[in-house]
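# Secondary and tertiary structure notes
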Amino acid sequence: MPARLAELAVRFGCELRGDPDALVERVAPLQDAGPGSISFLANPHYRRHLPGTRATAVVLDAASAAGCAVNALVARNPYATYARIAQHLYPARPVPGGRHPSAVVEAGAEVDPSAWIGPHAFVARGVRIGRGVSVGPASVLLEGVEIGADTRLVARVTLCEGVRTGERCILHPGSVLGADGFGHAPDVDGYVKVPQVGAVRIGSDVEIGSNSTIDRGAIGDTVVEDGVKIDNLVQVGHNVRIGAHTVIAACVGISGSTTIGKRCMLGGMVGIAGHLVICDDVALTGRTAVFKSISKPGAYSGSLWADDAKHFHRNAARFNRLEELARRVRRLEGGPGAAGGGDGDE
Amino acid sequence: MPARLAELAVRFGCELRGDPDALVERVAPLQDAGPGSISFLANPHYRRHLPGTRATAVVLDAASAAGCAVNALVARNPYATYARIAQHLYPARPVPGGRHPSAVVEAGAEVDPSAWIGPHAFVARGVRIGRGVSVGPASVLLEGVEIGADTRLVARVTLCEGVRTGERCILHPGSVLGADGFGHAPDVDGYVKVPQVGAVRIGSDVEIGSNSTIDRGAIGDTVVEDGVKIDNLVQVGHNVRIGAHTVIAACVGISGSTTIGKRCMLGGMVGIAGHLVICDDVALTGRTAVFKSISKPGAYSGSLWADDAKHFHRNAARFNRLEELARRVRRLEGGPGAAGGGDGDE
Amino acid sequence: MPARLAELAVRFGCELRGDPDALVERVAPLQDAGPGSISFLANPHYRRHLPGTRATAVVLDAASAAGCAVNALVARNPYATYARIAQHLYPARPVPGGRHPSAVVEAGAEVDPSAWIGPHAFVARGVRIGRGVSVGPASVLLEGVEIGADTRLVARVTLCEGVRTGERCILHPGSVLGADGFGHAPDVDGYVKVPQVGAVRIGSDVEIGSNSTIDRGAIGDTVVEDGVKIDNLVQVGHNVRIGAHTVIAACVGISGSTTIGKRCMLGGMVGIAGHLVICDDVALTGRTAVFKSISKPGAYSGSLWADDAKHFHRNAARFNRLEELARRVRRLEGGPGAAGGGDGDE
């Protein structure tokens, strides 16, 4: 769906520097773009590709625009503006409405006529599916599931009993919402299963990545608020609450009954222990482990990084004797531990 | 299914302090409970919610009972007792027996008439399914699979050729048992695939979480013993053996040919290298990495924790020069390295 | 399919020490093998099982052959030779050709008559499936997917729009290729979804493990080159490129736009940040986190290891004051910080 630069500038509130009649019809990275492509520059890391680009137009900020030899769409927030332009050039395909003959929809399910139920999907009785919803191939919706308008289950999504989602969500293939939380009470002869009688409630505009898992509450619900974005292979334990507009990168694990605030950013492979409270506006860099609640907004880290293997292992071996090293320093300082006894600086 | 407190006290061996005729019909957390609810107190962290609870009854231990203003069911093990009461209030739905018309069951599969084969399930020839088994929607059972009585495949479970499970297991959506282990022999021009000719054997009373993966053995089987509980997104490599009543939290990875003892507890995101032996009764706290066998029961840790990002990075940079720091301390102590040469305390 | 040792020696280029007419028909581990079994010795860790083995034959190298009391097939690379012999003893079942009546193949899909489309599979219009391909049960192939000859989708594989694979690939159950990458542009009122308009291109002889996820490119494709082997529960972000013959163990996460070289080895749970370049021939040991590009081949590490929990926590607490410790050492050395001020060795 080609668009004139003048139209894009008006529609998305950019300043156009260049030819208003130039047409773009696809997006491309700066370095690979050709005529008809629009590109963007947001990460300064890629500024080196700007002078040589053959894109028809580039979305960028005013500071970078001077170095742009082709048409420029100057935006306050180039990445968000690019995203909106790309949505315009690649409109989502309309949902057809109806159901594939191979789908199984049990009597007593309420499916809006504008919704689509794909091949081999299963929709149990008591499910309610809103306007414009798309239930992709091989998805499984167990009893009592409710899906808000315009939500899209791409394919092979599983929603267990009573899971509810808001509007305009996207659930990617293999995601599982509402399976039992991990509740096992130890007893003398093994574990007793703790029934997981809560459900999962997902807000609107939430995206959940491929093969991610969000468990149902043990008692009370697991809650994901509006605008939350969750990447692939993320685990969300029972009775977790995730605040609005928090983003969670891939391979993160959040243990049960933990509350995460609004507008947090969790880097890849972050792990958070159970029964904690993370306040609003916390950023956790990749691979950080959180074992205590965090009550102050800000950036937190906790991961060592790759080093030459031999060098790393020598330092790691020292780490294992770090307390002893501290004690030796204390002795050198002539502190209470100087005679080899206690360590005064504990 | 409502129950009188007197009945619960007798059935589950608690001491009732309060009204024997009071009825409970659902469970709720202490702080959200209303009339008709039963709650429990096991984690002292939540004791602050006890005085204000509006639950009809609370399951707790003798030490906490004094602070309980409502009916109390006093139990030696409140959490396990609560679990049993909750199972009683929320009985599992009986398995109907039969098969959905959309299921595909190949000739030569032996399915007990009391078992249920759900919508879009596939059961290959040579599969044997026991009494009371429930094969949930869209599950795939390849040749030679055997499922013990009363085991439940919730939905979209994949069991590859020859996987066997015991009785009363629960397999959650997206779990994959018996796919090929990761065996590739390096050769001059790339890797040669090593056929994975073992299978997977699961004991009884095992629970396996959503999207977890348990690979078939390379030669010989991968074995999960009775009573093991595995959370979501856990990887179990080929020829691993997991001892009875071990519990494994989410996002754990266990590399091939490792043996884990009985009654171990693996915290979230624990990683265990291959070809190791972990003895019985080992607890690994969240995110611990294990690169050597463990022969002594006890608790082991290995993860740093979240810190202010700048503070953490300064310390991590020091970590990378830790050996040098130790050498400087040695010099200050006047050791063999004092002249700047070797380090005597290696 | 039994084989004579003489035939195996000729076919796979080994030196036979023993009875050329001895027959083997299955593989077994050294310690469990009985008559009719062939075993191998590659990992010296298992050499202790050699003297007592009851295998009919063992594949091993010349150095170990002296200690072998049964028939020996002496090979330069025993593990790769064993792998080829096992492939010979356990030949892959021929793909039948055709489609199961429950499969849905839309008009306009091009399926080679020799390919198999399994039960409950869905093949959208515009899909092209090559010679000898096997599409396992409940797999979902969306529009424009192309699958090269002799590739096998074991079961429940999801290939989103436009994903292309080469020949002889194996995709394990639950794997998801081509779902949207994680692209969300922050704006004043939440995040704007960035359309992910690239695809996924997989080379030939690639294996992808159960429940692994490989996202489509944001602009431009995500690329996995020939001979790459990926284990279970691995996340590959959008626009990643993985070089030929790289092997990736389970639970690894690779963030978007990172390039990994050829012949790399990534241990389990390795995490790599986005927009990095890892050169050829890099080995990352298990659990290493990579936050910077690596331009020099070699082995890199970054994970502490399990220690007695109390001992570990004391050292970890010291880690959090490591910079302070270094400053105290500097003072003892009489450096610029001696008066308690700045730290000269930053």
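So, a few notes on the structure that sits alongside this text. Because the structure is a prediction, the values reported are computed rather than measured.

Each helix and strand in chain A was counted, giving five helices and 40 strands. Over its C-alpha atoms chain A spans a radius of gyration of 26 Å, topping by over 25% the 20 Å that the globule rule assigns to 346 residues. Counting only C-alpha atoms and orienting by the principal axes, one finds that chain A spans roughly 85 × 65 × 35 Å. A separation of at least 24 residues holds for 18% of the contacts in chain A among residues at least 6 apart in sequence. For chain A, the accessible area works out to roughly 12600 Å², and carbon and sulfur atoms hold 52% of it. Considering chain A, the positive charge centre built from 36 side chains and the negative charge centre built from 35 side chains are found 4 Å apart.

Moving on: the interface of chain A and chain C. Counting residues at the interface gives 73 residues for chain A and 76 residues for chain C. A per-residue breakdown of the area chain A buries against chain C is headed by A:His120, A:Arg156 and A:Phe319, which together make up 11% of the total. Linking chain A with chain C are six salt bridges. Across the salt bridge formed by C:Glu143 and A:Arg93, the nearest N and O atoms sit 2.6 Å from each other. Run the count over chain A and chain C and you get 26 residue pairs in polar contact (both at pLDDT 80 or more). Looking at the side of chain A that touches chain C, the elements with two or more residues in it are α3 (78–89), β28 (229–230), β31 (247–248), β40 (307–308), α4 (309–319) and α5 (322–332) of chain A. Looking at the side of chain A that touches chain C, its residues break down into 39 nonpolar, 16 polar and 18 charged. Relative to strand β39 (residues 298–301) of chain C, β40(A) runs antiparallel, the two sharing two bridges. Of the residues in β39(C), the one forming a bridge with A:Asp308 is C:Tyr300.

Moving on, we get to the state of the cysteines. Scanning the model with the defined rule gives zero disulfides over all chains in all. Between B:Cys251, a cysteine without a disulfide, and A:Cys251, which holds the nearest cysteine sulfur, the sulfur-to-sulfur distance is 8.1 Å. Free of any disulfide, C:Cys279 has its nearest neighbouring cysteine sulfur in C:Cys264, separated by 6.6 Å. Residue classification places C:Cys279 among the buried positions, given a relative accessible area of 17%.

Applying the stated criterion to the full structure yields 12 aromatic pairs over all chains. Measuring from ring centre to ring centre gives 5.4 Å for B:Phe312 and C:Phe319, while their planes differ by 50°; the resulting arrangement is tilted. Of this pair, B:Phe312 sits in helix α4 (residues 309–319) while C:Phe319 sits in helix α4 (residues 309–319), each in a different chain. You can call C:Phe319 buried: its relative accessible area is 0%. Grouping aromatic residues by their ring pairs yields a cluster made of A:Phe312, A:Phe319, B:Phe312, B:Phe319, C:Phe312 and C:Phe319.

Rules and cut-offs
Residues numbered from 1 in each chain as written. Chains lettered and ligands numbered in written order. Predicted model: local features only at pLDDT ≥ 70, side-chain atom pairs only at ≥ 80, totals over all residues. Heavy atoms only, no water. Helix = DSSP H or I, 4+ residues; strand = E, 2+ residues; numbered from the N terminus. Rg over C-alpha atoms; globule rule 2.2 N^0.38 Å. Contact = heavy atoms within 4.5 Å. Areas by Shrake-Rupley, 256 points an atom, 1.4 Å probe, with all protein chains shown as cover. Lys, Arg positive; Asp, Glu negative; His and termini not counted. Charge placed at Lys NZ, Arg CZ, Asp CG, Glu CD. Buried area = accessible area lost by both parts, 1.4 Å probe. Salt bridge = Lys/Arg side-chain N within 4 Å of Asp/Glu carboxyl O. Polar contact = N/O pair within 3.5 Å; in protein donor to acceptor, adjacent residues only side chain to side chain. Nonpolar A, V, L, I, M, F, W, Y, C, P; charged D, E, K, R; others polar. Pairing = 2+ DSSP bridges. Disulfide = S-S within 2.5 Å. Buried < 20%, exposed > 50% of the residue type's maximum accessible area, 1.4 Å probe, protein only. Phe/Tyr/Trp six-rings, centres within 6.5 Å; stacked < 30°, edge-to-face > 60°.

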